[in-house]
Amino acid sequence: MTRTTMHLFHPHLYATCFLAAAALPGTLYAQAPALAGQWQFQTATGTTTTNGVEVDLIDTGILDISEEQGGLRATIAWLDEGGQLTPPRTVDGTAGPAGAVFRHGGKRVSMGRNGKEISTDVTIRWTLQAKGNVLSGERLVETDENEPKPVTGTRLKERYVPPALPAAALATAASGAARGPSTPAERARVVQMANEAQRDPLAVQQRDGAWLGAWIEAIPDFTLPASALESWLSIASRPAIREATVFQYLASAMAFQIEHPEQAGQQSASDLAGMQGVLRAYETLLRQDKLNRSAKLDAALAARRQDRLPAFLATLSGRNAGIEAATSPSSDATARRIVALGTGEPRAMDWLDILSNRFGGRMAGSDAYTHAAQWARMQLRQWGVQAELEEAGQVPVGFNRGPWSGKMLAPEEQPLRLATPAYSAGTRGVQQGLAMMGPATLEEAQARAAQFKGKWVLIGGENGGGGRDGSTIHQPRAITRVLMQAGALGTIQSGEEPLYAASAAPAAWAALPTLPDIKLAAPQYADIRQRLARGEAVTLEFDVRNWFYPGPVTYHNVVARIPGTEKPEEIVLIGAHLDSYDGGTGAADNGGGVATMLEAMRLLALSGAKPRRTIMLVAFGAEEIGRKGSFAFAERHAGQLEHIVMMLNRDGRPGAIDGIAIPSAWKSVFGRVELALQDIHPVFGFAASINDVPRDASKAMSARAGSDDAVFSLHGVPTPKFTVLGDFDYARVHHTVLDTYDNVQPFSAAQQYSAIAIALTAYEVANAPEEINRKGYYRAAKAAP
């Protein structure tokens, strides 16, 4: 999947320029006057990769070149989206055979997990030439020997003048903030409303709700982080309960921060204060009208009476919550059977166990993927569901990951924390050798080539999950080729923990990687580097067992269906991608998604569901390398796309599905889903939220969080999104070595509840007597000029 918090980004490169001036003979500057002037240019400053699709990030800037003291000098400034210039940096240049060369230091800035910014020193080289009013050349990240990116530009007839900022922007820039800190009067008002709301929640919410929401958004001195408790309250069964309790939580939590600033950053303490206020307000609501009763809030009241309210709040994260046999208030017998079977005989985690621990990481083109697809088809057929494997594509080379290990042998022995991308070369058994710092430039690599034989070479850059050469395709660049020819044992690159492990696949059997690509935990990498700087001899040992086999290797989508009885041509499609990266075992991304979809199909099949419309499940292949399975499905089933009522996708953090965003035209259909799920669990619930703003289908594929559903959006199929309750740290496991079953296991009950919610959603939509049309779901496409 695209996390996301958290999908993978290749870093932007921002120039922070420095270099001493170089005096050059005048005879070398025959071309210099042609470059002198001001130019507007474009070049790629990095790349972004979303589900295996790599796209250059293009930036625009202003280059001002002048001839000074017999040499060249350039100032480089970038243009932001508003046409404003970043602070200019000055760089000196020299003449070369291919044009003027400007070389400077820079910073590679990338965003790590949890918003942590990572900065790495790099060297950037520009080679520029002009012909009349046209600028051309290339920009090369010399430090990592990345492929050069073209530079194009035109000479400006007049000096660039940034557009004037709007008055509002100028005022904001001058003030530095939209408003100042909260005032004593405002804080006193919040504390007072929190107390008053407990005695008359509906009236105070109607009077102060809008003001409180706007105030929380505006003030800079108090923040209220997203809370699982707030999400949980928003799924109350009645609107009156929903609005009043959410308001009470906000007021009570903010009042707690105001009165106890020393605990303002403690989420658990803030949530406990918020829930205490909510329960007092709920008791008032019950005295006002017994119809305001909520089974979930009753459970919270019971926990308070038993002095275990903090433990109850902890379950709202989805962790370690239980699930017990329950009955549904639905009048539909099939819906009641789905709930009884799903709560009485939960199996979702059994399917995840098989996917993660029997097959493991399921890269498209691996034995693990092939066997997992065959198993899924077999399991569906055992439940009486029609299921087939449909060819979805091929990879040129097969790959199976084996075990890996590493350690420092000298000057002291210690285990090393490492990973490799999929398709990295193995080590040909246990390999020992000295560590050595790698070259910064191609020239240095060529000059030192004889030194690298039998060495582990530390290279620059930061592990982004893919290959050391910065691509999802194995394409060894010039410095890497020198190391290969010299006989290096492998390269070692620093990586943030938990270590990313994505892919850098070869294009053909004849182009197999031969140089192991080790990603080492950043603290250990830094320690080795410091030892080398002190002149210590560092001996390392690695054992990486990876295997390749000749392709092409075919991978398949698993396609299953429960035929409709009245409108079989209309389809409710549920889907999840079956493939994963294999640094872990693909448990969260996306074993958990597939497991809940399989469990939903089991519940539908064993409950005897015979819906009016067809329910189809697709477990897609090769989502991680470009959504190839969903593209193949769309091509193969092109004639059916207009008959797909909606596509419901599951790809993201494990947890309890607690709602979905839909247009108001579908409200009656999803009202039956809400009813079927009402109060079947003391913590989890379900509520549809209304969003009638037409979606922009053209942006689906570029969305960083996009998954297989994006392909269907492009074809006009509605793709409403489930929302998820819980605090699963998806960024920590996404595409890392921690994507394993044990990290999902605490959310077992939440995953089972999600399977029930998916089954009921698919059933109620497929069985709906109403027409479910797409009108207004997507924004109308603009006419071609």
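Source: prediction; values computed, not measured.

This brings us to the overall build of the protein chain. On a plain count of helices and strands, the protein chain comes out with 22 helices and 23 strands. Carbon and sulfur atoms provide 53% of the accessible area of the protein chain, an area that totals close to 32800 Å².

Before going further, it helps to spend a moment on the pattern of salt bridges. Per the stated rule, a full pass over the model turns up 31 salt bridges. Note that R73 and E68 form a salt bridge whose closest N and O atoms lie 3.6 Å from each other. In this structure, the salt-bridge partner of D208 is R189, at a minimum N-O distance of 3.1 Å. Within this pair, whereas D208 is found in helix α4 (residues 201-218), its partner R189 is found in helix α3 (residues 184-199), the two being separated by 19 residues in sequence. On the basis of relative accessible area, R189 is assigned to the partly exposed category, the value being 33%. What you see here is one network of salt bridges that share partners, running through E412, D527, R531, R534 and E536.

What follows is about the sheet that holds strand β22 (residues 687-690). Hydrogen bonds along the backbone pair up the strands of a sheet, which may run parallel or antiparallel. Reading across from one edge, β22-β21-β23 is the order of the three strands in this open sheet, with mixed pairing throughout. Looking at which strands have only one partner, the edges of the open sheet turn out to be β22 and β23 (722-725). Mean inter-strand twist for the sheet, computed between neighbouring axes without regard to direction, equals 30 degrees. Here strand β21 (residues 656-662) runs beside β22; their pairing, made up of four bridges, is parallel. Residue pairing across strands places A661 opposite S689, the latter belonging to β22. Set on the sheet, helix α18 (residues 667-677) makes contact with β21 and β22; between it and β22 the angle comes to about 155 degrees.

This brings us to the packing of aromatic side chains. Enumeration according to the criterion identifies 20 aromatic pairs in this entry. Seen in terms of ring centroids, F620 and F712 are 6.0 Å apart; in terms of plane orientation they differ by 55 degrees. Their pairing is tilted. You can see F620 sitting in strand β19 (residues 613-620) and its partner F712 sitting in helix α19 (residues 709-714), a full 92 residues away along the chain. Taken as a pair, F620 and F712 share a single burial class, namely buried. With a centroid separation of 4.9 Å and an interplanar angle of 80 degrees, the aromatic rings of Y777 and Y778 are classed as edge-to-face. A connected cluster of aromatic rings, assembled from ring pairs, spans W351, F359, W375 and W383. The ring centre of W211 lies 4.0 Å from the NZ or CZ of R189, which sits over that ring. Note that R401 overlies the ring of W404, its terminal NZ or CZ placed 5.2 Å from the centroid.

A separate point is helix α10 (residues 333-344). Its 12 residues place the ends of α10 16 Å apart at the C-alpha level, agreeing with the 16 Å of an ideal helix rising 1.5 Å per residue. Each element contacted by the buried residues of α10 is listed here: α16 (587-606), α18 and α22 (748-767). The N-terminus of α10 is capped by D332, whose side-chain oxygen sits 2.8 Å from the backbone nitrogen of T334.

With their axes 10 Å apart at the nearest point, helix α11 (residues 348-359) and helix α12 (residues 367-382) run at an angle of 155 degrees to one another. Here α11 lies roughly antiparallel to α12, going by the angle between them. The crossing of α11 and α12 is right-handed. Between α11, through W351, I354, L355 and F359, and α12, the contact on the second element is made entirely by A368, H371, A372, W375 and Q379.

Once that is clear, we can look at the nonpolar core. Core analysis: the largest hydrophobic core is formed by 142 residues, its most contacted members being W232, M275, L380, M601 and F670. Other than its neighbours up to four places away in sequence, L380 contacts V385, A387, V558, A560, L598, M601 and L617. Within the second largest apolar cluster, 19 residues are counted, among which are L72, I76, V91 and V141.

A few words now on helix α14 (residues 478-486). Taken as a whole, α14 has its buried residues at A478, I479, T480, V482, L483 and A486. Residues of α14 that are buried in the fold lie against α13 (442-447), β14 (456-462) and β15 (490-495). In the stretch just after α14, G487 is the one whose phi turns positive, near 90 degrees.

Low pLDDT means the predicted atomic positions in that stretch should not be read closely. Across the protein chain, the average pLDDT comes to 88, with 89% of residues at or above 70. Note on residues 2-32: pLDDT under 50 across the span, and 99 contacts to partners over four residues away in sequence or across chains.

To continue, consider the environment of I528. Along the chain, I528 falls in helix α15 (residues 522-533). In this structure, the C-alpha to C-alpha distance between I528 and T539, residues 11 residues apart in sequence, is 9.8 Å. Sequence-distant contacts of I528, that is, excluding residues within four places in its chain, are made with M408, A435, L458, L520, V538 and L540.

Let us look at empty space enclosed by the protein. Empty space within the largest cavity amounts to approximately 110 Å³. If you go around the largest cavity, you meet 17 residues; those closest to its centre are G467, R468, H474, A504 and D517. In terms of residue class, the lining of the largest cavity is built from eight nonpolar, six polar and three charged. The volume enclosed by the second largest cavity comes to roughly 40 Å³.

Reading the values: the criteria
- Residues numbered from 1 in each chain as written.
- Predicted model: local features only at pLDDT ≥ 70, side-chain atom pairs only at ≥ 80, totals over all residues.
- Heavy atoms only, no water.
- Helix = DSSP H or I, 4+ residues; strand = E, 2+ residues; numbered from the N terminus.
- Areas by Shrake-Rupley, 256 points an atom, 1.4 Å probe, with all protein chains shown as cover.
- Salt bridge = Lys/Arg side-chain N within 4 Å of Asp/Glu carboxyl O.
- Buried < 20%, exposed > 50% of the residue type's maximum accessible area, 1.4 Å probe, protein only.
- Pairing = 2+ DSSP bridges.
- Axes fitted to C-alpha atoms, helices over the stretch in contact; angles between N-to-C directions.
- Contact = heavy atoms within 4.5 Å.
- Phe/Tyr/Trp six-rings, centres within 6.5 Å; stacked < 30°, edge-to-face > 60°.
- Lys NZ or Arg CZ within 6 Å of the ring centre and 35° of its normal.
- Expected span 1.5 Å × (residues − 1).
- Polar contact = N/O pair within 3.5 Å; in protein donor to acceptor, adjacent residues only side chain to side chain.
- Parallel < 35°, antiparallel > 145°, perpendicular 65-115°, else oblique.
- Left-handed = near helix turned anticlockwise from the far one by under 90°.
- Core = buried A, V, L, I, M, F, W, Y, C linked by side-chain atoms within 4.5 Å.
- pLDDT = per-residue confidence, 0-100.
- 1 Å grid on protein atoms, 1.4 Å probe; cavity = no way out; pocket = protein on both sides within 12 Å on 5 of 7 lines; lining within 4 Å.
- Points joined across faces, edges and corners; volume = space filled by probe spheres on them.
- Nonpolar A, V, L, I, M, F, W, Y, C, P; charged D, E, K, R; others polar.

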